[in-house]
Every structure is written in structure tokens, then in C-alpha cells.
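Summary of structural features
Next come the chains, spelled out residue by residue.
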Amino acid sequence: MAKASNLVIVESPAKAKTIGKYLGPDYEVKACMGHLRDLPKSKIGVDIEADFEPQYMPLKGKEAIISDLKAAAAKSQRVYLATDPDREGEAISWHLKYLLGLKDENTSRVTFNEITKNVVNTSIQNPREIDQNLVDAQQARRILDRLVGYQLSPLLWKKIRRGLSAGRVQSVATRMVVEREEEIRAFVPQEYWSIDVELQRLEGPGSFTAHYHGEDKKRELHSEEEVDEILKDISASPFTVSSVKRSEKKKTPAPPFITSTLQQEASRKLGMTPRRTMAIAQQLYEGIDVEGAGTVGLITYMRTDSQRLSEEALAAAGSFISSRYGGEYYQGPRRYKTKNAAQDAHEAIRPSDVRLDPDAVRSSLTTDQYKLYRLIWSRFVACQMTNAVYDTLSIDAVSAGHIFRANHQSLRFPGFIAVYEEGKDDETEEKQTPLPNLTEGEGLLLGGHEKLQHFTQPPARYTEATLVKAMEEKGVGRPSTYAATVSTILDREYVIKQDKRLSPTPLGEVVTGLMKDRFRDVIDVAFTADMEARLDQVEEGKVYWKQVLRDFYANFHQELIDAEEALKDTRIKVPDEVTDEICEVCGKNMVIKSGRFGRFLACPGYPECTNTKPLAERMPGRCPKCGSGMLKRKSQRGYAYYACEKGKDCGFMSWEVPTAEDCPYCGMTMFKRSGKGQKKMYCINEKCENFTPEELRGYRKKKAADEEPPETVAEEPKKVPVKKTAAKKTTAKKTAEKKPAPKKTTAKKTTTKNTASTAKKTRKKTEVSGDEA
């Protein structure tokens, strides 16, 4: 066999394997495993006096990879640098060229927006030079983050606590969470009222519920006195149909995914964190062994802010929709406009081949890979389909000048909804019932009324998905930084996640307070967004990258000096987070502390009292047995269960998750199945008419040996099989009683999938981290 005369260098072994199959024997494809050269960890690595000259060094532990690539490059006539198609990928190629001593005349840069045979071969035939503007934009970001991280973090160590870190993007994200919490604390609920009336036709069947609207225009009711006055008026006056409006409403599909919207929708529909979403998307991009089709990259590049779609993709989608769903579901290509602030370097996230139906490749994918691919495929197909069409009906009934309105809409033509409909952060929707066929002037009877008191609600705490959305809207970070920024502020314990909502810790609030007092630019949302815009200008060749550093550092350095002087003799104390948990030893309220293994409860009487215990997360809802609060606990095997806060004094425990919703029939807390994604809520009160039996909750059928559930709370309850769902399970997953879920997923991937075994070995993005630790 002849030796390969060309060397192609990519970042991951999975990507190397896929591309190697496409290019044939004339090409040797090797993986560099991410960064091989970077700023040193032991020092700042930037010569500020020499106009911010970076001091790059080969990474420790990568000597064997560098040596292997050097030997392969020396034997090759041409070297193709095929790292990822973004700023960081460009910088990795630039570092590779320097490390391997490659010459311009036999070195080329190639990128793959999707890893398919056609695109790979076309790209190899159309190489280019390394784009120095992209490299410089990445260098500027890297050095900015290093300056902030390595000069600001030591100040936090001295003034607050050792081990803390500050970062250019993570500090702003933490501030956003802190300020949302401040809004919630400062919120003053406002009272308002609603009136519903039950109306009946004078002749024939037909009743419906209408809601109070106002008089000539919409009116808000702020007191019970106003409500009683209206009820007094309508009780003495007949109802008449004043208006019947029938119309058509069209709903357009959501645009194809970009990085931020993919992370948001995967969180809503699949329960995936942004970090998990991007890890699975990377596997789908790099290539999967698909039965009957070979190794293929299933989606396009997943770090993008562009909604642009190629003409080839649009044509393929149109042909597929027409043949699969019929001509009425396709009326021509839809082209989506990208936002002005977007870099628009890549296409939107879409399947590389729309003909690869998710169900057709399901046997070749892990469960998470299948779910995410189905989400991406469905969104892309739906975005090219026709509008959904609804028939809407609005009826106004008037009595004593007061208008009551009833609305209803029914689906006439599903259009894109036949494939996909975008999720919502707030899934609560008003339940609609069909309305009778009424005519204007028709009289109605008042069958009853209901007045309800309400209070305005504070803004909701961020979820990971809504924080990503807010960061995108405010211009904080870029597609490659969202997931890691959120992960960083959670890992640093500036923010905690409870019931999927993000709350700041006292530590996060103290650090944010210091940053707002002393480093206004670093933590300013608008300033951070402007810095991202300046980095974009560097990428476009409009601004010299070192000028960005000069402009930033002059003010930052002065703020650092002023802060050191102002806080010279100051040590800032982080207040303890006091809980309702009582220390059994001395009777004091226990506080939350942080240690090397995470947060835990400790007695504030230390060192006289050394009592500690694991921290239990407080859940929404109430114990159905005694009405006390509910806590989330973990067994010795790591399984989550939910128990009454009174413990053995009450005895209630459940594997099912308590929710914030109450049963509309009995008023007791409703529960839902544990697991990822949206779950239907149900009542577990056997005496309630809304009670849902266990066999109707979606669990798999019990085996005979599994019939007896635990009757009382134990300190460590045994795992009961009803925890698992009845969805199709692979053989590997049937061992769930012996292994926690994360381990079984890893086992499945390493034995059956080519991409997953190398997922953790892929380059750890520096730009993705967004900040220096």
C-alpha cells in the first residue's frame, strides 16, 4: 500500500475517523486533540510592557502528540489544517503551523461546515490560507480574559476568600442572576380581580364561560368593591350577544436553530443543560456510524449565530416535504434574516442530509443523540413548511354596559405543526372549550358567576435556558461561550440551581457587590457587549487587535490600583446563609457552608459544636401526609428521592417529584415523574376524583418481585423499579438498578458509539470558557 502524500489535521479522533473514510488512501488524517500551544498556567503569560505580547508555550503532556504530528508532516507533501470553522479553530491551526514548522507553500487551511463526503472533498479541493484576522480576534479575547482573570482573582482571594475567580463574561452573567434576585426581593405584589360568568342560550343547548373585559375599553379590576359593584349591575340586567367575530389566524414556524436557541429548546423539551447539549451536538457533527450509510456527520457546525440556509439545503427540504407530506405543506423556500449583530460565519444548525429521518438512524444513536438529532431535524423541516391555520371565534356578551368576552380557536390546517412546534418557558395556557353558534342580538341567561382574587407575580428566576437567551439578547458572550459561562458560575458556587431555577449564593452577591463598586466596566453589561462588538471588528479587519487591549487595560489597571488602595485594610465577610434546619446538638439554626465536596449544613456554634449534615434541597409543594415542606434527598447509591421535612416523624417519601401546582379538585400538591423533559402532572391523593393510578403515570409494568414499595421513610430508601419509564430501553440500560444513570450512559457510548469514547478527549475550548479561572 502506497504511503499517503497528504496530511490532514483535525481536532478529535472521531472527526479524523469520519474524514479519513471520505478522503481515501492518499490522505492521512490525524487528531491534534485540541490546543497544543497556549498561555502558561503558572503565570500571566502576557508581556504588558511589550505591548501585550503573548508568551505562548507548548502544553504540558502534549509532547507525544506534537512529536507524532511533526513526523507525519515531515513525510507529507502537503498539510491541510482542518480544525473547527470558528475563531478558536483558526487559532489552533495557526499554533499548529508554528509548532510543526510548516512552510506557507505546502500548508493549507480547510474548514467543513458539515462533515459529509461531498463537503469534505469539495473543501479539500478549495483550500485557503489561515485568516489572520480570525486568529487576532481570538488572541485578543484570550488575552483580555487572561488579564482580567489573573489580575482580578488574586484581589478576591485577599479580600474575600481563597480560591475565588473573576472573569470578563462570567462576572456579568453572575450580575444578571443577582440583579434578577434583587428584583424579586423588591417586588411588591399588586392585587387584581377577575370575573367569570357562565352564560346559557335562551333556547336550545349551549353554555359557555366568558371573562370580564371592561366597558368601552379594557378595564383592570383592583378591588373586591369594584367587582361587587359589577356583579350587582349584571344581576339586575339581561345579557345580550353584542358581537360575534369569526376570523382566520396564521401561525408561522420558528426559524432554524442557532446555538442559543438550540440550548434553550433542548433545555425546555429534553431537560438537557447547555453543556450537555453542546457535547451531544459535537458528536453528531463529527460523525456517527450509521447502519447502511457508513460514517456521516449528521448535523452542520453547531456554534453559529446565523439563520442562513444554503440553497442546496433549501431545495432538499422542499423536495422532501413535498414527497413526504404533500404539496399543500410546501409553498416555496423560506429564507430567514440574520440579526445585525450576528457574525454570520456559518449556516444555521440543520441536518446535513434531510433524508436521514431520525427514526431511520435511531438504532445507530444513543438515546440523547437520537433526541437531539430529532429536535434539530424536526425544527429544520418545520421551518420550511407552510403556516398553521386556525379558525378563531370571539363572542362579546354585554349586560348593563359591562362586556364579557369568550374566545376560541380551532386548528383548520396543521402546516408545520404536523412536524414540530416551539416550546415555551411558561407552558401554562388557558384551557379552551368550543363555543355555541350564536348570533348578534341573541339573549343569554346568567347561569352563575365566579370572582377570583389574584396578585401580580415577580419576574421568574432564570433557568439555564432563559439566562442564555438573556445573554444573547444583551450581547454578552458569543455562541461558543454561553454553555461554559453558565457552567462556570455554577461550578464556582456564585449561583446555585434549585428546581431548575438559578439563584445567587451569598458569595455570588458579595463578589458582584465588590465588582460593581470597584470594577464598573468589567461587570457592566453594555461595556461587555461593546467589547464583543469590537472583537467582531477585529475579525473583520477593521480594528487592530492590540488597540482593543490597550484601550481596555488603561482603565482596568487604574481601577485595580484604586481598589487595592481602597480595600487595603479591609476583609469582606461572606454572610452565612441561615436555614430553618435546627441543630440537634445545640438547638441553633444551621447555616450553609461550602467545602471541597460542595455545600453542606453546619452548626454556627463551631468550634463548640461541630455538628454537620448533608444539605437537602427544598422542593415546591407540601407533604400530602402532614402538609409540611418537601425536601430532595439522595440515597447512598446516589438516587434522588423526595421526603417530608419531618423525616421519620411523618414517614412520607416518594420517587416522584413534587411540583408547585395544586390539584384543582382536592387542593393537595401534584406530582410528576422524575426524568428529563416535560412531564405531565397528576394527583396522588387516592380519595380525590382527580387521582391518577400508578399504572397510568407512564411507568413500566412492574415485575412480580417489585410489587411492594417502601411504606415509610428510611434514611436511605431502596431503589424501586417504578423510577424507570416504559420507553424503549436498550439492553445496556436494563442494569439501572445496579448503576446510576450517568455511568450506564457512558458504558453504552464507549462500547457502541465511535464518537462518545473520544468526546472528553476533544479539545477543551478556551474561547468556550469565556473567562480565565
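Here, every reference points to the structure presented above.
Described in the following lines is the structure provided in the data block. What you are looking at is a predicted structure, and each value in this text was computed from that prediction instead of being measured.

1. Considerations on the overall build of the protein
Of the regular secondary structure elements, the protein holds 18 helices and 29 strands. Across the 773 residues of the protein, 51% fall into the buried class. The long-range fraction of contacts in the protein, counting pairs at least 24 apart against all pairs at least 6 apart in sequence, stands at 69%. When the accessible surface of the protein is summed, it comes to about 37900 Å², and 49% of that surface belongs to carbon and sulfur atoms.

2. Here we look at empty space enclosed by the protein
A complete count under the given rule lists two cavities of 30 Å³ or more for this structure. By volume, the second largest cavity is sized at about 30 Å³. Sorting the residues of the lining of the second largest cavity by element identifies helix H6 (170-186) and helix H14 (506-518) as the ones contributing at least two each. Examining the composition of the lining of the second largest cavity, we find that three residues originate from one element, H14, more than from any other. Broken down by class, the residue content of the lining of the second largest cavity amounts to four nonpolar, three polar and no charged.

3. Describing the pattern of salt bridges
Tallied over the entire structure, the rule returns 49 salt bridges. In this structure, the salt-bridge partner of Arg478 is Asp536, at a minimum N-O distance of 2.7 Å. Of this pair, Arg478 sits in the loop between helix H12 (464-474) and helix H13 (482-491) while Asp536 sits in helix H15 (residues 525-539), and the two are 58 residues apart along the sequence. Across the pair, exposure class does not vary: Arg478 and Asp536 are buried alike. A network of salt bridges, in which partner residues are shared, links Arg87, Arg478, Asp536 and Glu539.

4. Regarding unusual backbone geometry
In this chain, Tyr606 is followed by Pro607 through a cis amide linkage whose omega measures 10°. A positive phi angle, close to 60°, is found at Asp51, a residue other than glycine. Turning to its location among the elements, Asp51 is positioned in the loop between strand S4 (46-47) and strand S5 (53-54).

5. Considerations on the pairing of strand S16 (residues 443-455)
Looking down a regular strand, the side chains alternate between one sheet face and the other. Pairing between strand S9 (residues 191-201) and S16: 11 bridges, direction antiparallel. Residue pairing across strands places Ile195 opposite Lys451, the latter belonging to S16. Two strands pair when backbone bridges link them, and strand S11 (residues 239-251) and S16 are joined in this way by two bridges, in the antiparallel orientation. Paired with Phe239 across the strands is Leu444, a residue of S16.

6. Comments concerning the sheet that holds strand S7 (residues 78-81)
Across a sheet, strands are paired by hydrogen bonds formed along the backbone, either parallel or antiparallel in direction. One open sheet holds the four strands; their spatial order is S2-S1-S7-S8, and the pairing between them is parallel. Here the strands that pair on one side only, and so sit at the sheet edges, are strand S2 (27-31) and strand S8 (107-109). Between one strand and the next, the sheet's axes are offset by a mean angle of 20°, whatever the strand orientation. Direction of pairing for strand S1 (residues 6-10) relative to S2: parallel, over a ladder of five bridges.

7. So, the sheet that holds strand S26 (residues 653-654)
Strand order in this open sheet of four strands is S23-S24-S25-S26, and the pairing throughout is antiparallel. Strands with a single pairing partner mark the edges of an open sheet, and in this sheet they are strand S23 (617-622) and S26. Bridge count between S23 and strand S24 (residues 629-634): four bridges; the pairing is antiparallel. By the bridge assignment for S24, Met619 is matched with Met630.

8. Focus on the packing of aromatic side chains
Under the definition given, this model contains 16 aromatic pairs. A centroid spacing of 5.6 Å and a plane angle of 65° characterise the contact between Phe239 and Phe404, whose relative ring orientation is edge-to-face. Here Phe239 is found in strand S11, whereas its partner Phe404 is found in strand S15 (residues 402-413), with 165 residues between them in sequence. Ring geometry for Tyr544 versus Trp545: centroids 6.4 Å apart, planes at 65°, classification edge-to-face.

9. Remarks on the nonpolar core
Of all hydrophobic cores here, the largest spans 65 residues; its most connected members are Val8, Leu284, Leu298, Ile299, Leu372, Tyr373 and Val381. Looking at this core element by element, the count peaks at 10 residues for helix H11 (residues 367-383). For Val8, the residues in contact, after removing those within four places along its chain, are Leu23, Tyr27, Glu28, Val29, Lys30, Tyr80, Ala82 and Ile124. One finds Leu152, Ile160, Ala470 and Leu502 within the second-largest nonpolar core, a separate group that totals 56 residues.

10. Some words on H12
Burial within H12 is extensive, with eight of its 11 residues counted as buried. Along H12, the positions that sit buried rather than exposed are Glu464, Ala465, Thr466, Leu467, Val468, Ala470, Met471 and Glu472. Where H12 is buried, its residues contact H6, helix H8 (259-270), helix H9 (274-286), H13, strand S17 (495-498) and strand S18 (501-504).

11. Regarding helix H4 (residues 117-125)
Every buried residue of H4 is listed here: Val119, Val120, Ser123 and Ile124. One side of H4 carries all its buried residues, which in axial view fall inside an arc of 130°. In this structure, H4 carries Lys117, Asn118 and Gln125 as exposed residues pointing more than 90 degrees from its buried face. In the core, the buried residues of H4 are packed alongside S1, helix H1 (13-23), S2 and S7.

12. Regarding the packing of helix H3 (residues 87-99) against helix H5 (residues 132-159)
In a packed pair of helices, the relevant descriptors are the angle between the two axes and the axis-to-axis distance. Where H3 contacts H5, the axes come no closer than 8 Å and their chain directions differ by 100°. Viewed along their axes, H3 and H5 adopt a mutual orientation that is roughly perpendicular. Of H5, the residues touching H3 (which contributes Arg87, Glu88, Glu90, Ala91 and Trp94) are Gln132, Leu134, Val135, Ala137, Gln138, Gln139 and Arg141. Looking at the contact of H3 with H5 residue by residue, the class counts come to five nonpolar, three polar and four charged.

13. Some thoughts on the packing of H9 against H11
Between H9 and H11, the least distance of the axes is 10 Å, while the angle of their chain directions is 85°. The angle between the axes of H9 and H11 places the two elements in the roughly perpendicular class. In this structure, H9 uses Arg276, Thr277, Ile280, Ala281, Gln283 and Leu284 to contact H11, whose residues at the interface are Asp368, Gln369, Leu372 and Tyr373. Looking at the contact of H9 with H11, its residues break down into five nonpolar, three polar and two charged.

Scoring rules and cut-offs
- Residues numbered from 1 in each chain as written.
- Predicted model: local features only at pLDDT ≥ 70, side-chain atom pairs only at ≥ 80, totals over all residues.
- Heavy atoms only, no water.
- Helix = DSSP H or I, 4+ residues; strand = E, 2+ residues; numbered from the N terminus.
- Buried < 20%, exposed > 50% of the residue type's maximum accessible area, 1.4 Å probe, protein only.
- Contact = heavy atoms within 4.5 Å.
- Areas by Shrake-Rupley, 256 points an atom, 1.4 Å probe, with all protein chains shown as cover.
- 1 Å grid on protein atoms, 1.4 Å probe; cavity = no way out; pocket = protein on both sides within 12 Å on 5 of 7 lines; lining within 4 Å.
- Points joined across faces, edges and corners; volume = space filled by probe spheres on them.
- Nonpolar A, V, L, I, M, F, W, Y, C, P; charged D, E, K, R; others polar.
- Salt bridge = Lys/Arg side-chain N within 4 Å of Asp/Glu carboxyl O.
- Pairing = 2+ DSSP bridges.
- Axes fitted to C-alpha atoms, helices over the stretch in contact; angles between N-to-C directions.
- Phe/Tyr/Trp six-rings, centres within 6.5 Å; stacked < 30°, edge-to-face > 60°.
- Core = buried A, V, L, I, M, F, W, Y, C linked by side-chain atoms within 4.5 Å.
- Arc of directions from axis to C-beta.
- Parallel < 35°, antiparallel > 145°, perpendicular 65-115°, else oblique.

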